[in-house]
Amino acid sequence: YQNNRDHRKICVIDGHTAFTGGVNLADEYINKRERFGHWKDTAVMLKGDAVNSFTMMFLQLWGVTELEKEDYSRFLLPADYRYPEGMDYSGFVMPYADSPLDYEAVGENVYLNLVGAAQRYVYITTPYLVLDNEMQTALCNAAKRGIDVRIITPHIPDKWYVHAVTKSNYQILIESGVKIYEYLPGFIHGKTFIVDDKFATVGTINLDYRSLYLHFECGVWLYNMNSVFEVKEDFLQTQKLSQGITLKMCQSVPWYIRLGRSVLRIFAPML
């Protein structure tokens, strides 16, 4: 239970606007302070009914810390709320939360379902590629059946040992047909999946054991709306600044480095 930290990033304004994504409140997230090169992150803004979900996610944990009961309904979207013009009202938006206390891996299930639903492509950005067997198998099988699977990871790591495990997964993915890219300007912290110009998700959930099983997390699932193309365009622009990793590059890594990475993989659930 000591590992069950709150990894959600939620900002709710007056019940009508919410933000979530990878962005924390620290100077490196806005590149005011440069620690790991350029910090690339992703977030999404919601307005309207979907905001209630994030209000309740916040209050769910707030209620754990506060002993006095209060009327939470006053924080929800007002009944007379008028939707602003110029917003994307096409398609569907579904916020979702993941909790380590209900023994259901919602975040990983969302990711696995997106990979399984792909018919043309799956584009992924993640700061950590510390895969369990289910996720690795899903990505490899998708690539083997002809899906264009692309993953962007950082070139400059924030944690060297996690980055070593990330790199240890490159070869088996590339051998299966997955395309791996590293973001050359620095560290990419965005957590996004885009599928077939239909689906996308933006949130806080990394592809590592802690995010998928131990943390309180959240995200937004988007379907058949213009915002999906915005997430895709962000991925493609990021890819232009990234270096493709080849099988030859993986095979040229010295044996002692590969051995070290293999040892670190044993401790992957703790990283």
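Source: prediction; values computed, not measured.

Rules used in this analysis
- Residues numbered from 1 in each chain as written.
- Predicted model: local features only at pLDDT ≥ 70, side-chain atom pairs only at ≥ 80, totals over all residues.
- Heavy atoms only, no water.
- Salt bridge = Lys/Arg side-chain N within 4 Å of Asp/Glu carboxyl O.
- Buried < 20%, exposed > 50% of the residue type's maximum accessible area, 1.4 Å probe, protein only.
- Core = buried A, V, L, I, M, F, W, Y, C linked by side-chain atoms within 4.5 Å.
- Helix = DSSP H or I, 4+ residues; strand = E, 2+ residues; numbered from the N terminus.
- Contact = heavy atoms within 4.5 Å.
- Phe/Tyr/Trp six-rings, centres within 6.5 Å; stacked < 30°, edge-to-face > 60°.

*Asks:* I'm lost on the pattern of salt bridges in this one. Help?
*Replies:* Proximity of charged atoms lets side chains of opposite charge pair with each other. Evaluation of the coordinates by the stated rule reveals 8 salt bridges. Two residues, D158 and K159, come together in a salt bridge whose shortest N-O distance is 3.1 Å. A relative accessible area of 22% places D158 in the partly exposed class. Overall, K159 belongs to the partly exposed group, its relative accessible area being 33%.

*Asks:* Before we go on, may I ask you to explain the nonpolar core in this structure?
*Replies:* Across soluble globular proteins, nonpolar side chains have a tendency to be buried as a group. If you look at the biggest cluster of nonpolar residues, it comprises 33 residues, and the most contacted ones within it are L139, I151, L173 and I180. Looking at this core, the elements that each hand over two or more residues are α2 (106-117), β6 (121-125), α3 (133-144), β7 (148-154), α5 (170-176) and β10 (192-195). Broken down by element, this core gets its largest block of residues, 6 residues, from α3. The contact partners of L173, leaving out residues within four places of it in the chain, are L129, L131, Q136, L139, C140, I151, V178 and I180. In this structure, M57, Y121, I152 and M225 belong to the second largest nonpolar core, which totals 23 residues.

*Asks:* Just checking my understanding: could you explain the packing of aromatic side chains for this structure?
*Replies:* Under the definition given, this model contains 17 aromatic pairs. Relative to W62, the ring of F58 has its centre 5.8 Å away and its plane inclined at 20°; by these criteria the two rings are stacked. Placement of both F58 and W62 in helix α1 (residues 51-65) is noted, with a separation of 4 residues, approximately one turn of the helix. Residue class for F58 comes out partly exposed when judged on its relative accessible area of 43%. Between W255 and Y256, the ring centres sit 5.9 Å apart and the planes meet at 85°, which makes this aromatic pair edge-to-face. Residue W255 shares its accessibility class with Y256, and that shared class is exposed. Three or more aromatic residues link up through ring pairs in this structure, and these residues are Y29, F36, W39, Y128 and F187.

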